[in-house]
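# A look at the structure
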Amino acid sequence: MLKVEDWAEIRRLHRAEGVPIKEIARRLGVARNTVRAALNSDRPPKYERVSRGSVADAYEPQIRALLKEWPRMPAPVIAERISWPYSMSPLKKRLALLRPEYVGIDPVDRVAYEPGEITQCDLWFPETRIPVAAGQDRILPVLVMTLGFSRYLSATMIPSRQGGDIMSGMWSLISAIGRVTKTLVWDRESAIGGTGRVTAPAAAFAGTLATKIKLAPPRDPEYKGMVERNNQYLETSFLPGRQFVSPRDFNDQLADWLPRANSRTVRSIQGRPVDLLETDYLSMLPLPPLDPPIGLSHRVRLARDYYVRVDTVDYSVDPQVIGKFVDVSASPTVVTVFCEGRVVARHERSWAKQAVVTDPDHVATAHRMRQALATERQQRRAGTRQHSDGHAVALRALPDYDALFGVDFDPEPTKASNE
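Read on for a plain summary of the structure. Keep in mind it's a predicted model, so treat the numbers as computed, not measured. (Residues numbered from 1 in each chain as written. Predicted model: local features only at pLDDT ≥ 70, side-chain atom pairs only at ≥ 80, totals over all residues. Heavy atoms only, no water.)

## Structural notes on the overall build of the protein
Check the secondary structure of the protein and you find 14 helices and 16 strands. In terms of C-alpha radius of gyration, the protein reaches 40 Å, well past the compact-globule figure of 22 Å for 419 residues. Each principal axis of the C-alpha atoms in the protein carries an extent, and together these give about 145 × 85 × 45 Å. Taking all 419 residues of the protein together, the buried fraction comes to 37%. Here the contacts in the protein between residues at least 6 apart in sequence split such that 60% fall between residues at least 24 apart. Total accessible area on the protein is roughly 26400 Å²; 51% of this is exposed by carbon and sulfur atoms. Charge centroids of the protein, computed over 58 positive and 50 negative side chains, lie 9 Å from each other. (Helix = DSSP H or I, 4+ residues; strand = E, 2+ residues; numbered from the N terminus. Rg over C-alpha atoms; globule rule 2.2 N^0.38 Å. Buried < 20%, exposed > 50% of the residue type's maximum accessible area, 1.4 Å probe, protein only. Contact = heavy atoms within 4.5 Å. Areas by Shrake-Rupley, 256 points an atom, 1.4 Å probe, with all protein chains shown as cover. Lys, Arg positive; Asp, Glu negative; His and termini not counted. Charge placed at Lys NZ, Arg CZ, Asp CG, Glu CD.)

The following block contains the structure:
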């Protein structure tokens with residue numbers, strides 16, 4: 001095959017310098033017909049490999065027949081139906097080409113959002129492990145929210161992906177802006193709408209704010225592409241080169257970086273999010289006077305070990321309420337325990353796993369209670385019982401009662417007669 005350099009040289013020699021075809025063929029050592037072909041071609045030569053076909057060619061009619069009736073039939077099932085004798089790789093490549101003809105193509109339109117219309121929400125899991133306790137570090141979720149009109153980005157790290165923690169993070173970010181959009185778009189995060197319907201806690205949260213939560217279709221990341229792109233932006237622009245000593249340090253560094261991120265020009269809107277936020281804000285809904293239901297909460301009867309559990313971590317409680325029902329409430333920063341409206345424990349929340357958080361005052365109270373109980377038992381055993389008129393109750397030996405009722409629990413054994 002003629003090289004591109006030779007093709008270009010042939011055309012230069014003949015058209016620019018007027019060298020005859022015969023001389024060009026002699027100089028380059030090629031046939032005169034090759035020279036003529038190069039002069040007649042307006043495009044450089046391109047090597048095209050002749051396809052030798054695929055082992056799947058012979059099975060394509062059978063594959064098409066199955067896909068026509070069952071467009072989403074898995075490759076292993078198709079292989080079984082057509083008695084496929086080769087490895088799965090050629091079959092999967094052919095299915096990747098054929099399946100779209102039967103499944104159909106679902107194009108995604110570019111949508112222009114009105115001010116105050118939507119916020120896209122997602123959880124981002126940075127690969128950097130965050131120290132949460134001595135000798136323990138974790139990969140923690142970061143809640144990311146992006147306003148649809150202004151592309152304003154806000155984010156915060158949260159302790160877990162449980163519903164209460166997610167909604168605490170949402171309320172923190174929404175409160176910082178001061179208003180909320182008419183719609184919050186989520187994927188099918190299990191704590192928000194894993195079954196395809198918005199969960200009751202998430203619906204209560206949205207109802208308090210007079211907004212609504214809209215779930216994206218399954219397996220459709222383009223539906224909330226703005227926040228997905230911001231996740232990637234955080235991954236490539238915020239995370240590299242940073243080290244974190246705690247979740248609080250992560251959030252502090254993130255808070256310092258976000259104003260710069262919102263000051264960049266976003267090509268799709270030809271503007272800066274920080275400049276468009278005011279327009280977005282004026283069309284958003286005002287916040288209610290009461291906070292929405294957020295955080296983790298449950299009710300439990302306090303056991304003898306006077307600890308309650310929140311997200312695998314045990315927290316001590318005043319042992320004086322052992323046996324009573326206590327209400328446990330946990331925000332991302334504080335765990336509070338109530339009993340009959342009174343605070344009986346308050347701890348800084350630990351983001352570790354399987355940890356134990358103990359208040360020394362609770363341990364000291366439990367020690368005093370055990371000592372008091374032991375003293376009471378000793379006094380009860382050593383004390384003299386009295387009648388209602390004040391004179392002592394006489395204590396009789398148990399054999400006296402046996403004699404009174406004519407009972408002998410230890411009779412002498414009778415001797416067997418030898419007669």
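Still to come is the rest of the account.
## What to know about the packing of aromatic side chains
What characterises a pair of aromatic rings is the spacing of the ring centres plus the angle enclosed by the ring planes. Applying the stated criterion to the full structure yields eight aromatic pairs. Aromatic pair Trp-84 and Tyr-86: ring centres 5.4 Å apart, planes at 75 degrees, arrangement edge-to-face. Residue classification places Tyr-86 among the partly exposed positions, given a relative accessible area of 43%. A cation over an aromatic ring shows up here: Arg-264 above the ring of Tyr-233, its NZ or CZ 4.1 Å from the ring centre. (Phe/Tyr/Trp six-rings, centres within 6.5 Å; stacked < 30°, edge-to-face > 60°. Lys NZ or Arg CZ within 6 Å of the ring centre and 35° of its normal.)

## Some points on the environment of Gly-148
Note that Gly-148 resides in the loop between strand S4 (142–147) and strand S5 (153–157). Between the alpha carbons of Gly-148 and Glu-114 there is a distance of 7.7 Å; along the sequence they are 34 residues apart. The contacts of Gly-148, once residues within four sequence positions are left out, are Tyr-113, Ile-118 and Met-226.

## Structural notes on a nonpolar patch on the surface
Among the surface-exposed residues, Leu-398, Tyr-401, Leu-404, Phe-405 and Val-407 lie close enough to one another that they form a single nonpolar patch of about 570 Å² accessible area. Inspection of the secondary structure puts Val-407 in the segment after helix H14 (398–405). (Patch = residues over 30% accessible without salt bridge, like charges linked within 9 Å, V, L, I, M, F, W, Y side chains within 5 Å. Salt bridge = Lys/Arg side-chain N within 4 Å of Asp/Glu carboxyl O.)

## With respect to the pairing of strand S13 (residues 325–330)
With burial as the criterion, only one face of S13 is covered, namely that bearing Val-326, Val-328 and Ala-330; the residues Phe-325, Asp-327 and Ser-329 on the opposite face remain uncovered. Bridge count between strand S10 (residues 296–301) and S13: six bridges; the pairing is antiparallel. In the strand pairing of S13, His-298 is matched with Val-328. For S13 and strand S14 (residues 334–339), the ladder comprises four bridges, and the chain directions are antiparallel. Within S14, the residue paired with Val-328 across the bridge is Val-337. (Pairing = 2+ DSSP bridges.)

## Section: the side chain of Arg-151
With respect to the helices and strands, the residue Arg-151 is situated in the loop between S4 and S5. The buried charged residue Arg-151 lacks any salt bridge, with Asp-280 as its nearest oppositely charged partner at 7.7 Å. A distance of 2.4 Å separates a polar atom in the side chain of Arg-151 from the backbone oxygen of Gly-148. Sequence-distant contacts of Arg-151, that is, excluding residues within four places in its chain, are made with Thr-146, Met-226, Asn-262, Val-266, Ser-268, Ile-269 and Pro-273. (Polar contact = N/O pair within 3.5 Å; in protein donor to acceptor, adjacent residues only side chain to side chain.)

## A word on the side chain of Thr-156
With respect to the element layout, Thr-156 can be found in strand S5. A distance of 3.5 Å separates the side chain of Thr-156 from the side chain of Asn-251, its partner in a polar contact.

## With respect to the environment of Ser-350
Within the secondary structure layout, Ser-350 lies in the loop between strand S15 (342–348) and strand S16 (356–357). Separated by 279 residues in sequence, Ser-350 and Pro-71 have C-alpha atoms that sit 49 Å apart. Apart from the residues lying within four places of it in its own chain, the contact partners of Ser-350 are Val-313, Tyr-315, Ala-355 and Val-357.

## Examining the sheet that holds S16
Strand order in this open sheet of three strands is S11-S12-S16, and the pairing throughout is mixed. Edge positions in the sheet fall to strand S11 (307–310) and S16, since each has one partner strand and no second. As paired elements, S11 and strand S12 (residues 313–316) share four bridges and run antiparallel to each other. Residue Val-308 lies in a different strand from S12, and its bridge partner there is Tyr-315.

## Regarding the sheet that holds strand S7 (residues 183–186)
Across the sheet, which stays open at both edges, the five strands sit in the order S5-S4-S1-S7-S8 with mixed pairing between neighbours. Looking at strand neighbours, the two that pair on one side only are S5 and strand S8 (212–215), the edges of this open sheet. Geometrically, the sheet is characterised by an average inter-axis angle of 25 degrees between neighbouring strands, direction not taken into account. Its contacts with the sheet place helix H10 (residues 225–238) against strand S1 (118–124), S4 and S5, and it is angled at close to 45 degrees to S1. (Axes fitted to C-alpha atoms, helices over the stretch in contact; angles between N-to-C directions.)

## Notes on the pattern of salt bridges
Summed over all chains, the structure comprises 20 salt bridges. A salt bridge links Arg-64 to Glu-101; the nearest nitrogen and oxygen atoms lie 2.9 Å apart. Here Arg-64, found in helix H4 (residues 60–69), pairs with Glu-101, found in helix H6 (residues 88–103); they are 37 residues apart in sequence, far enough to count as distant. For Lys-224, the salt bridge goes to Glu-228, with nearest N and O atoms at 2.5 Å. On the basis of relative accessibility, which here comes to 2%, the residue Lys-224 falls in the buried class. Given a relative accessible area of 30%, Glu-228 falls into the partly exposed group. Look at the salt bridges and you will find they share partners, linking Asp-57, Glu-60, Arg-64, Arg-94 and Glu-101 into a network.

## So, helix H7 (residues 163–177)
With 15 residues, H7 should reach 21 Å at 1.5 Å per residue; the first-to-last C-alpha distance of 21 Å fits that figure. When H7 is considered as a whole, its buried residues turn out to be Gly-163, Gly-164, Asp-165, Ile-166, Met-167, Ser-168, Gly-169, Met-170, Trp-171, Leu-173, Ile-174 and Ile-177. Phi for Gly-178, located one or two positions after H7, is positive at around 105 degrees. (Expected span 1.5 Å × (residues − 1).)

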